Amino acid sequence: MIAGPHEHPLFLLRHGHTEWSATGRHAGRTDLPLTAVGERQAHAAGRTYALMSDDSSAVVLSSPLRRARHTAELAGLEVSEVSEDLVEWDYGEFEGMTTPEIRERVPGWTVWTHPIPGGESADAVRARADRVLGRLRSTLSDRPVVLVGHDDFGRVLISRWLELDTAAGRFFRFDPASITVLGSQRGVPQIRHLNVPPS
């Protein structure tokens, strides 16, 4: 996606801690609640967002999974639209497993480099990210946008904003309840802030 010359920022907010994120288990489509820590993180993320944005007109889109919707609510964000395109990568047979557990089956496995049996391909995730960013182009010319979602898919969004391949997502960290801000300068897409922790 080529960033426009007068574009408003795009904020990415990852949901707060869940039981699975705290233990490193892959949570794709499983609809997990926030933990008490995750709820506190979401409140804090709202304070961080308020410090980073001086525009109250932002359009807020959320993944339909409750950990994302609840994070948005606790952060004080009014969700304009719930989008299936913002759900996490579908981990198929590896859902609920940690990376060390998966590597007992598939040595050296990462979501960025290996297929996922019964899950979503990297090409499908890339297409979904491109669809999200393409839809936002006209909105960003008028106002900021906040996307409330997940870890790996959020990292793909960062990669695609920068016009990089899906696998470049492995270079970006996106912690629970952190905020990343994407923008542009003279038409060149940039990361303005990466993985800003909740205050």
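Everything in this summary refers to the structure shown in the same document. (Residues numbered from 1 in each chain as written. Predicted model: local features only at pLDDT ≥ 70, side-chain atom pairs only at ≥ 80, totals over all residues. Heavy atoms only, no water.)

### Describing the overall build of the chain
Helix and strand counts for the chain come out as six helices and six strands. Reading the chain from its N terminus to its C terminus gives the helix and strand order β-α-α-β-α-β-α-α-β-α-β-β. Whereas a compact globule of 199 residues would reach a radius of gyration of roughly 16 Å, the chain reaches 16 Å, a difference of no more than 12%. Seen through its C-alpha atoms, the chain measures out along the principal axes to roughly 50 × 35 × 25 Å. A buried classification covers 51% of the 199 residues belonging to the chain. Of the roughly 9,100 Å² of accessible surface on the chain, 50% is carried by carbon and sulfur atoms. (Helix = DSSP H or I, 4+ residues; strand = E, 2+ residues; numbered from the N terminus. Rg over C-alpha atoms; globule rule 2.2 N^0.38 Å. Buried < 20%, exposed > 50% of the residue type's maximum accessible area, 1.4 Å probe, protein only. Areas by Shrake-Rupley, 256 points an atom, 1.4 Å probe, with all protein chains shown as cover.)

### Some thoughts on helix H6 (residues 151–161)
Three- or four-residue spacings in an α-helix give side chains the same orientation, since the helix completes a turn every 3.6 residues. Most of H6 is tucked away: 11 of the 11 residues are buried. Looking only at H6, the buried set comprises Asp151, Asp152, Phe153, Gly154, Arg155, Val156, Leu157, Ile158, Ser159, Arg160 and Trp161. Those residues of H6 that are buried lie in contact with strand S1 (10–14), helix H5 (122–140), strand S4 (145–149), strand S5 (179–185) and strand S6 (188–196). One or two residues past the end of H6 sits Glu163, with phi positive at roughly 65°. (Contact = heavy atoms within 4.5 Å.)

### A short note on the side chain of Thr48
Mapped onto the fold, Thr48 is located in helix H2 (residues 36–52). In contact with Thr48, other than residues within four places in its own chain, are Ile179, Val196, Pro197, Pro198 and Ser199.

### Brief notes about the pairing of S6
As paired elements, S5 and S6 share six bridges and run antiparallel to each other. Of the residues in S6, the one forming a bridge with Ser184 is Pro189. Connecting S5 to the antiparallel partner S6 that follows it, the hairpin turn spans two residues, and Arg186 within it adopts a positive phi of roughly 50°. (Pairing = 2+ DSSP bridges.)

### Concerning the pairing of S5
Along any regular strand, the residues point their side chains to alternate faces of the sheet. Among the seven residues of S5, six are classified as buried, and the element is accordingly described as predominantly covered. Looking at chain direction, S1 and S5 are connected through four bridges and run antiparallel. When the sheet's bridge partners are listed, Leu10 is paired in S5 with Leu182.

### A closer look at unusual backbone geometry
Glycine aside, residues mostly have negative phi, and peptide bonds are mostly found in the trans state. Residue Glu163 is not a glycine yet carries a positive backbone phi of 65°. Within the secondary structure, Glu163 is located in the loop between H6 and S5. Under the relative-accessibility criterion, Glu163 is labelled partly exposed at 38%. The phi angle at Ala177 is positive, at roughly 65°, despite the residue not being glycine. By the element assignment, Ala177 lies in the loop between H6 and S5.

### A closer look at the side chain of His150
On the secondary structure map, His150 appears in the loop between S4 and H6. Under the relative-accessibility criterion, His150 is labelled buried at 2%. At 2.8 Å, the side chain of His150 and the side chain of Ser63 are in polar contact. Each residue touching His150, except ones within four places of it in the same chain, is listed here: Arg14, His15, Ser63, Leu65, Arg67, Ala68, Leu86, Val87, Glu88 and Phe174. (Polar contact = N/O pair within 3.5 Å; in protein donor to acceptor, adjacent residues only side chain to side chain.)

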